[in-house]
Amino acid sequence: MLVLLFWSTLSAAAETGGRLQSNFRLGIQCEGGCPWLNFEDSLIWQPHLRSSPSPNVRLRIEPQLRVYASPLLTDIDESQSQYALQPFDLQPVVLSLSHQAAYWKNTVGYQRMAWGVGTGMRVLDNINPFDLRDPTRFDQRLSVPMWRSQITGQKAGVDFAFVPIHTPARLPRTTVSLLPDANTMFDAGEDAPPLDIRDARGSILAPDRTLPNSQTAVRGFWVGRRTDIGLSWFHGFDSLPQADGTFMLTGFQTDSDRVDVGIPLTYPKLDIVGLDLKTQLPASILAWAELGLFLPAQTTVTASESQLNALVTLGALDAVPDPLPVVDTQDGEPYFRWIVGAER
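Small disclaimer: the values here were computed from a predicted structure and weren't measured.

Draft legend 1. Just unusual backbone geometry, in detail. One non-glycine residue, alanine 102, lies in positive phi territory at about 60°. Tracing the sequence through the fold places alanine 102 in the loop between β6 (88-101) and β7 (104-111). We classify alanine 102 as exposed; its relative accessible area is 67%. Even without being glycine, serine 284 reaches a positive phi, approximately 60°. Looking at where serine 284 falls in the secondary structure, it is placed in the loop between β16 (269-281) and β17 (285-296).

Draft legend 2. Structural detail: the pattern of salt bridges. Scanning the entire structure with this criterion turns up eight salt bridges. With a shortest N-O distance of 2.7 Å, aspartate 159 and arginine 148 are connected by a salt bridge. On the criterion of sequence distance, the pair formed by aspartate 159 in strand β9 (residues 156-163) and arginine 148 in strand β8 (residues 144-152) is long-range, its members being eleven residues apart. Side by side, aspartate 159 and arginine 148 carry an identical accessibility label, which is buried.

Draft legend 3. A look at the packing of aromatic side chains. Taken as a whole and assessed by the stated rule, the structure comprises two aromatic pairs. Considering the side-chain rings of tryptophan 147 and phenylalanine 160, the 5.5 Å spacing of their centres and the 70° angle between planes classify their relative orientation as edge-to-face. You can see tryptophan 147 sitting in strand β8 and its partner phenylalanine 160 sitting in strand β9, a full 13 residues away along the chain. Measuring from ring centre to ring centre gives 5.3 Å for phenylalanine 294 and tyrosine 335, while their planes differ by 10°; the resulting arrangement is stacked. Of this pair, phenylalanine 294 sits in strand β17 while tyrosine 335 sits in strand β20 (residues 335-343), and the two are 41 residues apart along the sequence. Take tyrosine 335: its relative accessible area is 30%, and that puts it in the partly exposed class. Positioned over the ring face of phenylalanine 294 is arginine 337, at 4.7 Å from the centre of the ring.

Draft legend 4. Quick look at the nonpolar core. Ranked by size, the top nonpolar core spans 17 residues in total, and within it Met113, Ile127, Met146 and Ile272 carry the most contacts. Secondary structure elements with two or more residues in this core: β8, β9, β16 and β17. Setting aside residues no more than four positions away along its own chain, methionine 146 makes contact with Thr107, Val108, Gly109, Gln111, Met113, Ile127, Asn128, Ala161, Phe162, Val163 and Pro164. Formed by six residues, the second largest nonpolar core is a distinct cluster that contains Phe247, Val261, Leu265 and Val301.

Draft legend 5. Representation of the confidence of the model for the chain within the structure. Here the chain shows a mean pLDDT of 81. Residues at 70 or above account for 77%. The secondary structure element of the chain with the lowest average pLDDT is helix α1 (residues 2-11), at 50, and the one with the highest is β9, at 96. Per-residue pLDDT stays below 50 along residues 1-5; that stretch engages in zero contacts with residues further than four places along the chain or on separate chains.

Draft legend 6. Spatial organisation of the side chain of threonine 300. With respect to the element layout, threonine 300 can be found in strand β18 (residues 299-303). Among the polar contacts made by the side chain of threonine 300, one reaches the side chain of aspartate 328 at a distance of 3.0 Å. Each residue touching threonine 300, except ones within four places of it in the same chain, is listed here: Ala243, Asp244, Gly245, Val326, Val327, Asp328 and Thr329.

About the criteria used
Residues numbered from 1 in each chain as written. Predicted model: local features only at pLDDT ≥ 70, side-chain atom pairs only at ≥ 80, totals over all residues. Heavy atoms only, no water. Helix = DSSP H or I, 4+ residues; strand = E, 2+ residues; numbered from the N terminus. Buried < 20%, exposed > 50% of the residue type's maximum accessible area, 1.4 Å probe, protein only. Salt bridge = Lys/Arg side-chain N within 4 Å of Asp/Glu carboxyl O. Phe/Tyr/Trp six-rings, centres within 6.5 Å; stacked < 30°, edge-to-face > 60°. Lys NZ or Arg CZ within 6 Å of the ring centre and 35° of its normal. Core = buried A, V, L, I, M, F, W, Y, C linked by side-chain atoms within 4.5 Å. Contact = heavy atoms within 4.5 Å. pLDDT = per-residue confidence, 0-100. Polar contact = N/O pair within 3.5 Å; in protein donor to acceptor, adjacent residues only side chain to side chain.

Following this line, the structure appears as C-alpha cells:
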C-alpha cells in the first residue's frame, strides 16, 4: 500500500522514458586468439523517471543496467558462477532530490556535475571520477553522492559541490598493464645482480572515509552579452591511482633470482585552479578555452630495507644498496593543462 501511494504521488506530475542500446567494437588484437569482435556492452538499458511532487521539489531517478556477453571461461569453477557466465552491472546515473527557492537551488544524491566549456574533452571536468570502459568516449564520468548548491542571478552565479566519499575511476578491462614498470621500482643499483621479476601486482590504499578526506569544489561565473567567464577551484583526490609507498616482495624462490613483487597504489591529493572562457565570434563561430593549474601531491616508492636484507641472506643480492632505492612517481610540481577550440 505504501509503495502504491508513493508511486501514485510521483505519477501525478511525472515524466518517464529511457534508452536502450547495444554496442560492439572491431579490433585487431590477437593475443590468445583474435577477439576482433568485442561485445562487452551487449545491452545497455537506462530508464528514467522525473517527478515534481511540489512546484519547488524535483525528483530524478535514472539507473543504468549493463549486460555483458559471456566471457571465455578459463576455470571449471567459473562455469558454476552466474556472474561469470552472464555478468551485469547496475549503477545509478542520477538518483537525486532537488529543491529550488528563488535563485537558490540545492540537490542531494547521486549526480553528475560537469564543469568546463569544451566539447568532447574538458580540462576542468574533475569532480566526478573517470569512466574509462568505453575507449571512444573521453567525457564519460561516474555519478557520485554529493550535495550541490547553486545560486544563480541574471549575470553571475556561484556553484558549490561537497562530495563526502571518494570514488575511484572505473578502469578499462585491457591486456595492457596499468602498473608502473616493476624493474624501475626495484632498481638496486648498477653493482647488484639483476632480479627476474616474475609477477607484479598492485595493492590499493583508498583514502579513509572521514570528514577531512571529503572533496569540495566551487565555481563562480559571469555571463556577458557575448562572453562567459568562470573561475573554479577543486580540492580532493585524483580518481586515478598512483604508485606510492613501500615496494614489497610477495614471494621469491631460494634457488634463483626470481621474485614476485607488490606495487603500492594510492589516490594522491589534488588541487585544481581553473579558468574557462566562452565567447561568440562573427560568422556564428563559438570559441572556448579552458586553463587549469594542477597542484598534485608528491608520490614516492621506496624499497623495504628488511626485505633487501632477506635477499642478501638468500644470495639474490650482494649487499643492501645505500641509499635505499627511491623512485619519485609524481614529483609534486605544479603544472598547467589547457585546451582551446572553436565550432560553428
